[in-house]
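Spelled out from the first residue to the last, the chains are:
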Amino acid sequence: MTPSATQAVSGGAEAHRPRILVPEKISEDGLALLTPHFDVDVKLALSPDELTQIIPGYHGLIVRSETKVTSEVLRAGRKLGVVARAGVGVDNIDVAAATNEGIIVINSPSGNIRAAAEHTVALLLATARNVGRADGSVKAGRWDRGKLVGVEVGRKVLGIVGLGKVGLNVARMAKGLGMHVLAVDPFASADMARQAGVELMVELKDLLATVDFLTIHTPLLATTMDLIGEAQFRMMKKTAYVLNVARGGVYNEAALLDALDAGTIAGAGLDVFTSEPPAEGSTAARLARHPKVTATPHLGASTVEAQENVSMDVCTQMLEILRGGLPTSAVNVPIILPEEYRKLQPSVQLVEKMGRLYTQHFVRAKGGMVGGHRFELIYRGELAGMPNTKPLYAALVKGLVASFSDSNVNIVNATVIAREKGIVINETHARESQDMTYSNLVTLRSVADAKTGTSEQIIEGYASDKRVYISKLDRFNATFQPDGTLIILHNYDKPGKIGGVGMVLGSHGINIRFMQVASLGRECLQDHDGRAQQDEEALMILGVDGDVDDVVLDGLRASDGVLDVSLVNL
């Protein structure tokens, strides 16, 4: 795990460079960012079976709208860390499955905004003036001026459903054409709408009854699927036109076809369909060929500028993520500002090691399982003021399950895996004003459970100068770096213990790199009557080199005064 709690892939030798698959046409300028660092394979027109067969060898996947990234593909992509959509919509990617697999899904929400807005206006004008039919008739040698009388758009009412970035750009362009613009969007900024000259309406039905042209700019969700159907078309004027440069499915295609045939509405400009290309004989195909429809083959983002923009955007993000950084436009990852990321880096390393230490010292050594445990992460100092500690949460989950599971835990799927493993983690930001020795102090506390008989255990640590330290282990105060192989002995603090332990390790060729004797904390040095008791117990923490097997551990356990021994690999 990298400090960002995302799955990084190290460069290594040329033969082990990460691989990226590109099954659709992507701008060369974007791919040029990746080729110096990764092996980029452009393999166009892959079938679903072919994609599933070859995806296990790749760390990244870049698609546009045609490739379907299904749960089967994502499960097969054992090395996949990132799926990039060179565009806005991600309905061709199973985002929920990607999250479960720990795969980051990124898109480029701003790269083709202007292109989509301009194409909406192009369809608006083409539909109003019968441009498609006129072009076809002239090419066929006819001169059908009398049959192709259009309407002006100036002084007409444009209704926009979804006043996001594309919708807002359409509104501004439409105002330039002299149109009156209405919009429905429960999340729209009233101030921004007012500045753009847009009148916000509360009810969709009121909008539908008023508009001369209707355009929808929303993602395809359960709430927007078939947003406009038979009942909604009946609310509209017979002279109204509908436009779709968003996603096929926001209009019910069968209802739209019936409305066109019956003259319920005047016409449509469609760039997207539920199946692309429309299957022969399907409702989508009948719509595309309808004389009242101006149809284009999903050209909303098909400009030279937009393709370069989205390609550069997602390739830049792909480069950053596969090198251990964070995305700027991830669909399933909370956004973390770069300055926050830098501050969190050392503490993420610390928390993951605390999780590993807890599992190996407190749980595995005693034959238990970490599942079903409840924990509290307490942040003090600068960490307490951090607005986004999701990477720390993810680091703890990864550390806790690392010894028992090969799950690819990262910032994307940490919550899902914690729930699957029965791990409950509460985060506390302790903003107390007390003087602190360390500016980034983290306490991991397991919560005592009377039902299971588990007692409370504590690990405390801090980060300093990009190094991490453990400062407390259960009842014992200590200061050591959690690295490499550690042997932790709980023993009576009597003369000769260090020498005895050294003899056992030396007889097995185990070298001691460092040794730290941890004493009991002050709160543990009182008996039940409040009188000071003799400090008889201690922890001996040894950093060692060599193969520590059960024979070595049994030898240490047999040493006089040793109460318990655990082996920890960090």
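What counts, and where the lines are drawn
- Residues numbered from 1 in each chain as written.
- Predicted model: local features only at pLDDT ≥ 70, side-chain atom pairs only at ≥ 80, totals over all residues.
- Heavy atoms only, no water.
- UniProt positions renumbered as here; feature names shortened; annotations may be inferred.
- Helix = DSSP H or I, 4+ residues; strand = E, 2+ residues; numbered from the N terminus.
- Buried < 20%, exposed > 50% of the residue type's maximum accessible area, 1.4 Å probe, protein only.
- Contact = heavy atoms within 4.5 Å.
- Areas by Shrake-Rupley, 256 points an atom, 1.4 Å probe, with all protein chains shown as cover.
- Pairing = 2+ DSSP bridges.
- Axes fitted to C-alpha atoms, helices over the stretch in contact; angles between N-to-C directions.
- Patch = residues over 30% accessible without salt bridge, like charges linked within 9 Å, V, L, I, M, F, W, Y side chains within 5 Å.
- Salt bridge = Lys/Arg side-chain N within 4 Å of Asp/Glu carboxyl O.
- Lys, Arg positive; Asp, Glu negative; His and termini not counted.
- Charge placed at Lys NZ, Arg CZ, Asp CG, Glu CD.
- Phe/Tyr/Trp six-rings, centres within 6.5 Å; stacked < 30°, edge-to-face > 60°.
- 1 Å grid on protein atoms, 1.4 Å probe; cavity = no way out; pocket = protein on both sides within 12 Å on 5 of 7 lines; lining within 4 Å.
- Points joined across faces, edges and corners; volume = space filled by probe spheres on them.
- Nonpolar A, V, L, I, M, F, W, Y, C, P; charged D, E, K, R; others polar.
- Core = buried A, V, L, I, M, F, W, Y, C linked by side-chain atoms within 4.5 Å.
- Parallel < 35°, antiparallel > 145°, perpendicular 65-115°, else oblique.
- Left-handed = near helix turned anticlockwise from the far one by under 90°.
- Polar contact = N/O pair within 3.5 Å; in protein donor to acceptor, adjacent residues only side chain to side chain.
- Right-handed = clockwise from strand over helix to strand, strands pointing away.

Under an unreviewed UniProt entry, the name given to the protein is D-3-phosphoglycerate dehydrogenase, and the organism recorded is Drechmeria coniospora. Checking UniProt for the protein, the heading Catalytic activity (unreviewed entry) contains the comment "(2R)-3-phosphoglycerate + NAD(+) = 3-phosphooxypyruvate + NADH + H(+)". The UniProt entry for the protein carries this comment under Pathway (unreviewed entry): "Amino-acid biosynthesis; L-serine biosynthesis; L-serine from 3-phospho-D-glycerate: step 1/3."

Undergrad: What is the right way to look at the overall build of the protein in this model?
TA: Each helix and strand counted, the protein has 18 helices and 22 strands in total. Residues classed as buried in the protein amount to 51% of the 570 residues present. Put simply, 66% of the contacts in the protein that link residues at least 6 apart link residues at least 24 apart. With an accessible surface of roughly 26600 Å², the protein has 50% of that area assigned to carbon and sulfur atoms.

Undergrad: What am I meant to see in the sheet that holds strand β6 (residues 157-161) here?
TA: Within a sheet, neighbouring strands are paired by backbone hydrogen bonds and run either parallel or antiparallel to one another. One open sheet holds the seven strands; their spatial order is β8-β7-β6-β9-β10-β11-β12, and the pairing between them is parallel. At either margin of the open sheet sits one strand with a lone partner, and together these are β8 (198-200) and β12 (293-295). When the angles between neighbouring strand axes are averaged without regard to direction, this sheet yields 20°. In this sheet, strand β11 (residues 267-270) lies alongside strand β10 (residues 241-244) in parallel orientation, the contact comprising four bridges. Counterpart to Val242 in the pairing with β11 is Ala268.

Undergrad: Would you mind showing me how to read a negative patch on the surface here?
TA: Taken together, Glu28, Asp29, Glu305 and Glu308 make up a surface patch of like negative charges. Looking at the negative patch, the elements that each hand over two or more residues are α1 (28-34) and α13 (304-322). Along the polypeptide, Asp29 turns up in helix α1. Given the relative accessible area of 43%, Asp29 is considered partly exposed.

Undergrad: What should I look at first to understand the packing of aromatic side chains in this one?
TA: For any pair of aromatic rings, the description consists of the separation of the ring centres together with the inter-plane angle of the planes. Counted according to the given criterion, the structure contains five aromatic pairs. Ring geometry for Phe213 against Tyr241: centres 5.2 Å apart, planes inclined by 15°, an arrangement best described as stacked. Taken together, the positions of Phe213 in strand β9 (residues 213-216) and Tyr241 in strand β10 put the pair 28 residues apart, joining distant regions of the chain. An aromatic cluster of at least three residues, connected via ring pairs, comprises Tyr358, Phe362 and Phe375.

Undergrad: Would you explain empty space enclosed by the protein in this entry?
TA: Taking a probe equal in size to a water molecule and rolling it over the atoms shows the remaining empty space. In this structure the tally under the stated criterion is one cavity of 30 Å³ or more. Taken as a whole, the largest cavity spans an internal volume of roughly 60 Å³. Asn244, Gly248, Gly249, Tyr251, Glu253, Leu256, Leu270, Val272, Phe273 and Leu287 together form the lining of the largest cavity. Here the lining of the largest cavity is built from residues that sort into six nonpolar, three polar and one charged.

Undergrad: Teacher, can you tell me more about a nonpolar patch on the surface here?
TA: A contiguous nonpolar surface patch, about 300 Å² in accessible area, is contributed by Ile498, Ile512, Met515 and Val517. For the nonpolar patch, the element with the highest residue contribution is strand β20 (residues 511-520), accounting for three residues. Locating Ile512 in the fold gives a position in strand β20. According to the relative accessible area criterion, Ile512 is partly exposed, its value standing at 33%.

Undergrad: Would you mind showing me how to read the sheet that holds strand β1 (residues 19-22) here?
TA: Taken in spatial order, the five strands of this open sheet run β2-β1-β3-β4-β5, and their pairing is parallel. At either margin of the open sheet sits one strand with a lone partner, and together these are β2 (39-42) and β5 (104-106). With strand direction ignored, the average angle separating the axes of adjacent strands in the sheet is 15°. Strand contacts of α13: β1, β3 (60-63), β4 (82-85) and β5, with the helix running at about 170° to β4, the strand carrying the most contacts.

Undergrad: Looking at this structure, how should I read the nonpolar core?
TA: Nonpolar side chains in soluble globular proteins generally cluster together in the buried interior. The biggest cluster of nonpolar side chains holds 72 residues, and the ones touching the most others in it are Ile20, Leu34 and Ile62. For this core, the element with the highest residue contribution is helix α14 (residues 338-363), accounting for ten residues. Apart from the residues lying within four places of it in its own chain, the contact partners of Ile20 are Leu34, Phe38, Asp39, Val40, Asp41, Tyr58, Gly60, Ile62, Met318 and Leu322.

Undergrad: When you look at the packing of helix α15 (residues 390-401) against helix α16 (residues 414-421) in this model, what are you seeing that I'm missing?
TA: What describes two packed helices is the angle between their axes and the distance between those same axes. In contact at an axis separation of 9 Å, α15 and α16 are set at 40° when each is read in the N-to-C sense. For the element pair α15 / α16, the angle class is oblique. When you trace α15 past α16, the crossing you get is left-handed. Across the interface between the two elements, Lys390, Tyr393, Ala394, Val397 and Val401 from α15 touch Ala414, Thr415, Ile417, Ala418 and Lys421 from α16.

Undergrad: Would you mind showing me how to read helix α11 (residues 253-262) here?
TA: One turn of the α-helix equals 3.6 residues, which is why residues spaced by three or four share an orientation. The complete set of buried residues in α11 reads Glu253, Ala255, Leu256, Leu257, Ala259 and Leu260. The secondary structure elements touched by the buried residues of α11 are α10 (230-235), β10, β11, α12 (283-288) and β12. The N-capping residue of α11, defined by a side-chain oxygen 3.2 Å from the backbone nitrogen of Ala254, is Asn252. One or two positions beyond α11, positive phi appears at Gly263, with a value near 75°.

Undergrad: So what exactly am I meant to see when it comes to the pairing of β9 here?
TA: One face of the sheet, then the other: side chains in a regular strand alternate in exactly this way. By the alternation rule, side chains of β9 split into Phe213 and Thr215 and Leu214 and Ile216, which are all buried. Taken together, the four bridges between β9 and β10 define a ladder with parallel strand orientation. Bridge pairing in β10 places Leu214 opposite Val242. In this fold, β9 hands off to α10, which returns the chain to β10; that crossover is right-handed.

Undergrad: Sorry if this is basic, but what is going on with the pattern of salt bridges here?
TA: Pairs can form between side chains of opposite charge whenever their charged atoms are close. For the structure shown, the criterion picks out 19 salt bridges. Asp91 is the partner of Arg247 in a salt bridge, and the nearest nitrogen-oxygen pair spans 2.5 Å. Separated by 156 residues along the polypeptide, Arg247 in the loop between β10 and α11 and Asp91 in the loop between β4 and α4 (95-100) bring together distant segments of the chain. Given a relative accessible area of 12%, Arg247 falls into the buried group. In the salt-bridge network here, residues are joined through shared partners; they are Glu376, Arg445 and Glu456.

Undergrad: Honestly, the packing of helix α5 (residues 113-128) against helix α7 (residues 165-176) in this entry has me stumped. Any pointers?
TA: Put simply, α5 and α7 touch, their axes get as near as 9 Å, and they point 50° apart. By the angle between their axes, α5 is oblique relative to α7. α7 is crossed by α5, and the crossing has right-handed handedness. Across the interface between the two elements, Ile113, Arg114, Ala116, Ala117, Glu118, Thr120 and Val121 of α5 pack against Lys165, Val166, Asn169, Val170 and Met173 of α7. Class assignment for the residues of the contact of α5 with α7 results in seven nonpolar, two polar and three charged.

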